[in-house]
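Listed below, chain by chain, are the residues.
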Amino acid sequence: EAAAQFETSTAMVATIADTSQKSLSDISKEVRTYSNETGEAASDMAEATYQAISASVNTADAASFAGTATKLAGGFTSATTAVDVLTKAINAYGLAASDATQLSDYLITTQNLGKTSVDQLAQSVGKVIPLASAYNVQMDNLSSAYAVLTANGIATAESGTYLKSMLNELGDTGSGVSEVLLNSTGKTFAQLMEQGYSLGDVMAMLGNAVDGDSTAFNALWNSTEAGIGALSLFNAGADKYNSVLESMRTSAGATEKAYSTMADTTDKSKQRMENAFNNLKISVGDVLSPALTQVYEGFTNAFAG
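Residues numbered from 1 in each chain as written. Predicted model: local features only at pLDDT ≥ 70, side-chain atom pairs only at ≥ 80, totals over all residues. Heavy atoms only, no water.

Caption draft 1: The arrangement of the packing of aromatic side chains in detail. Evaluation of the coordinates by the stated rule reveals 3 aromatic pairs. Centroid distance Y135 to F189: 6.4 Å. Interplanar angle 65°. Geometry classified as edge-to-face. Placement of the pair is Y135 in the loop between α7 (118-134) and α8 (139-151) and F189 in helix α11 (residues 189-194), with a sequence separation of 54 residues. In this structure, Y135 and F189 share a single accessibility class: buried. Of the aromatic side chains, those joined through ring pairs into one cluster are F217, W221 and F234. (Phe/Tyr/Trp six-rings, centres within 6.5 Å; stacked < 30°, edge-to-face > 60°. Helix = DSSP H or I, 4+ residues; strand = E, 2+ residues; numbered from the N terminus. Buried < 20%, exposed > 50% of the residue type's maximum accessible area, 1.4 Å probe, protein only.)

Caption draft 2: Representation of the pattern of salt bridges in the model. The full count for this structure, using the stated rule, is 5 salt bridges. When the shortest N-O distance is used, the salt bridge between K71 and E256 registers 3.2 Å. Here K71, found in helix α4 (residues 59-73), pairs with E256, found in helix α16 (residues 254-263); they are 185 residues apart in sequence, far enough to count as distant. Looking at E256, the relative accessible area reads 40%, which means it is partly exposed. Linking K88 and D84 is a salt bridge whose minimum nitrogen-to-oxygen distance equals 3.4 Å. Residue K88 and its partner D84 are both found in helix α5 (residues 79-93); the two are separated by 4 residues, about one turn of the helix. A relative accessible area of 37% means that K88 is categorised as partly exposed. By relative accessible area, which is 34% here, D84 ends up partly exposed. Shared partners join several salt bridges into a network, and the residues in it are E37, K71 and E256. (Salt bridge = Lys/Arg side-chain N within 4 Å of Asp/Glu carboxyl O.)

Caption draft 3: Spatial organisation of the nonpolar core. Counting 82 residues, the largest nonpolar core has L142, M166, M203 and W221 as the members making the most contacts within it. Apart from the residues within four sequence positions on either side, L142 is in contact with Y93, V125, V128, I129, A132, V137 and L163. (Core = buried A, V, L, I, M, F, W, Y, C linked by side-chain atoms within 4.5 Å. Contact = heavy atoms within 4.5 Å.)

And the structure:
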């Protein structure tokens, strides 16, 4: 039964996989390898692999991508949710599947520095990523903004709403705040982002344009949501923001560290043991399945006759 269930899961992968890149047999072996490594059920790993391929990850990279997503999930969210947020970022920013680990490190670091969770971030950040990427706000900058806003006491979902409104006004060349920024710097918001400035730097530039007056700063924004988000970043200060951004940019290994900590528990050890035993059943079942299939077909034909 275990082998039959896993066979169904891999058959689902086969419907969209490009087997010229990697054979279904190799994908199946890789999925089971990551299953044993992470303690996640092989069928769940296959489902995450399917989701990765359906979101445009190359077949050759899909199982390892799912493995990275599973480590990000590691007690913080579901594997499919992790795959969803990572693929949204990769597709929006035109990144490679190999960048998934770095993106995952950003999310874990945001969880560590802000008052949020990977699951909450995954539910929110995907809605902001398309707009952020359109205006050259890279994932490290966006993650830093979430970390600062949530640390300031703003809920994750609300932070996403505020950031989306704020970026929309900053990027709209016809908005009042965009005009102030252009008059002050001679550059559009997207140009400043492309040249390496941070969102914290931009808030400081806008603050200088109104002589640091918080009331005047808030009045620059058309929407209440944009104003609340921008004012929170402005009050935190560019130094604080850029310190968080530096932590993002030096966060390599954050996912592995968090995963290792979560994995070093009695419950996780038990899960890995039970999962390894289930994978053994799958391996044994693989040997028995061809004979059982013939038996099932024989009975089917007999009953049909």
